[in-house]
Amino acid sequence: MHAHAEAADTAPNWPDDIFATLQRFDVRQVAYVPDAGHSKLIQRVLASSTMRGISLTTEEEGVALLAGAWAGGQRGVLLMQSSGVGNCINMLSLIPILRFPFLTLVTMRGEWGEFNPWQVPMGSTTQGVFELSGVQVLRASNAAEVPAVLEAAASQAYNALTPTAVLLSQRLIGAKVFTK
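Worth saying up front: this structure is predicted, and the values here are computed from it rather than measured.

Student: Teacher, can you tell me more about the nonpolar core here?
Tutor: In summary, soluble globular proteins display a tendency toward joint burial of nonpolar side chains. By size, the foremost hydrophobic cluster in this structure holds 29 residues, and its most contacted members are Ile18, Val77, Leu103, Leu105 and Leu168. Elements that contribute at least two residues to this core include exactly helix H1 (14–24), strand E2 (27–32), helix H2 (39–47), strand E4 (75–81), strand E5 (103–107), helix H8 (146–159), strand E7 (164–168) and helix H9 (170–173). Of all the elements, H8 adds the most residues to this core, at 7 residues. Grouped together as the second largest cluster of nonpolar side chains are 25 residues, Ile95, Val106, Met108 and Phe130 included.

Student: I'm lost on unusual backbone geometry in this one. Help?
Tutor: Note: most residues except glycine have negative phi, and most peptide bonds are trans. Non-glycine residue Asp26 carries a positive phi angle of around 55°. As for its placement among the helices and strands, Asp26 is situated in the loop between H1 and E2. For Asp26, a relative accessible area of 39% translates into the label partly exposed. In this model, Arg99 sits at a positive phi of 50°, which is unusual for a non-glycine residue. Along the chain, Arg99 turns up in the loop between helix H6 (94–98) and E5.

Student: Would you mind showing me how to read the sheet that holds strand E3 (residues 52–55) here?
Tutor: Sheet strands line up and pair through hydrogen bonds in the backbone, either parallel or antiparallel. Strand order in this open sheet of 6 strands is E3-E2-E4-E5-E7-E6, and the pairing throughout is parallel. Each having just a single partner strand, E3 and strand E6 (136–140) make up the two edges of the open sheet. Strand after strand, the sheet turns through a mean of 20° between neighbouring axes, direction not considered. Of the strands in this sheet, E2, E4, E5, E6 and E7 are in contact with H8, which crosses E6 at around 165°.

Student: When you look at the side chain of His38 in this model, what are you seeing that I'm missing?
Tutor: Relative to the helices and strands, His38 is located in the loop between E2 and H2. Beyond its immediate chain neighbours, meaning those up to four positions away, His38 contacts Leu79, Met80, Leu105, Val106, Thr107 and Leu168.

Student: Help me out: how do you make sense of the pairing of E3 in this one?
Tutor: It is a general feature of regular strands that their side chains alternate between the two faces of the sheet. When E2 meets E3, the two strands line up parallel, connected through 4 bridges. Residue pairing in the sheet places Gln29 in a bridge with Arg52 of E3. The β-α-β motif built from E2, the intervening H2 and the parallel element E3 has right-handed crossover chirality.

Student: Teacher, can you tell me more about H1 here?
Tutor: Helical geometry note: an α-helix holds 3.6 residues per turn, so side chains three or four residues apart project in the same direction. Of all the residues in H1, the buried ones are Trp14, Pro15, Ile18, Phe19, Thr21 and Leu22. Mapping the buried residues of H1 onto a view down its axis gives an arc of 165°, with all of them on the same face. Phi turns positive, to about 55°, at Asp26, one or two residues after H1.

Student: Mind showing me how you'd approach H8 here?
Tutor: With 14 residues, H8 extends 19 Å between its outermost C-alpha atoms, agreeing within 8% with the 20 Å of an ideal straight helix rising 1.5 Å per residue. For H8, the full list of buried residues reads Val146, Val149, Leu150, Ala153, Ala154, Ala157 and Tyr158. When H8 is viewed along its axis, its buried side chains cluster within an angular range of 135° and face the same direction. Facing away from the buried side of H8 by more than 90 degrees, the exposed set consists of Ala148 and Asn159.

How each quantity is defined
- Residues numbered from 1 in each chain as written.
- Predicted model: local features only at pLDDT ≥ 70, side-chain atom pairs only at ≥ 80, totals over all residues.
- Heavy atoms only, no water.
- Core = buried A, V, L, I, M, F, W, Y, C linked by side-chain atoms within 4.5 Å.
- Buried < 20%, exposed > 50% of the residue type's maximum accessible area, 1.4 Å probe, protein only.
- Helix = DSSP H or I, 4+ residues; strand = E, 2+ residues; numbered from the N terminus.
- Pairing = 2+ DSSP bridges.
- Axes fitted to C-alpha atoms, helices over the stretch in contact; angles between N-to-C directions.
- Contact = heavy atoms within 4.5 Å.
- Right-handed = clockwise from strand over helix to strand, strands pointing away.
- Arc of directions from axis to C-beta.
- Expected span 1.5 Å × (residues − 1).

In structure tokens:
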């Protein structure tokens with residue numbers, strides 16, 4: 001058996017829209033835990049001469065990495081899946097203390113068409129965890145929303161220093177299914 005994504009919104013260009021927005025906002029460091037939902041964006045970052053993709057062993061490392069990037073004069077973004085948000089709770093407390101720009105893009109699991117019951121608890125509490133941690137939450141549920149949502153989120157994070165998470169819905173990225 002193997003897993004593949006079954007997308008409800010199959011427009012292939014939304015990762016390119018995200019990449020273009022990150023370029024416009026001069027993002028230089030992209031921290032990520034490998035994730036199928038972010039795979040096209042990660043490939044674009046790794047092929048870029050202006051961005052550095054940094055593979056993490058766990059999501060909370062990304063929060064510290066973004067603080068370090070800012071201290072070193074660069075902007076960063078953290079890519080993760082909703083199941084990794086719970087790993088970041090303690091590290092999210094650094095954001096208001098150090099007052100650095102924080103932008104994270106979160107591919108959602110545990111919602112639209114989810115087959116794996118282990119993904120549901122964190123998927124259903126991701127937004128609340130961020131909000132309780134002082135992180136503003138925006139959501140993109142279809143490809144047409146992605147450019148405007150990313151533009152707003154990047155502006156909030158980098159210009160107003162408002163910690164911001166963009167939830168990329170499972171409907172947008174596609175529900176994983178297992179096949180034989």
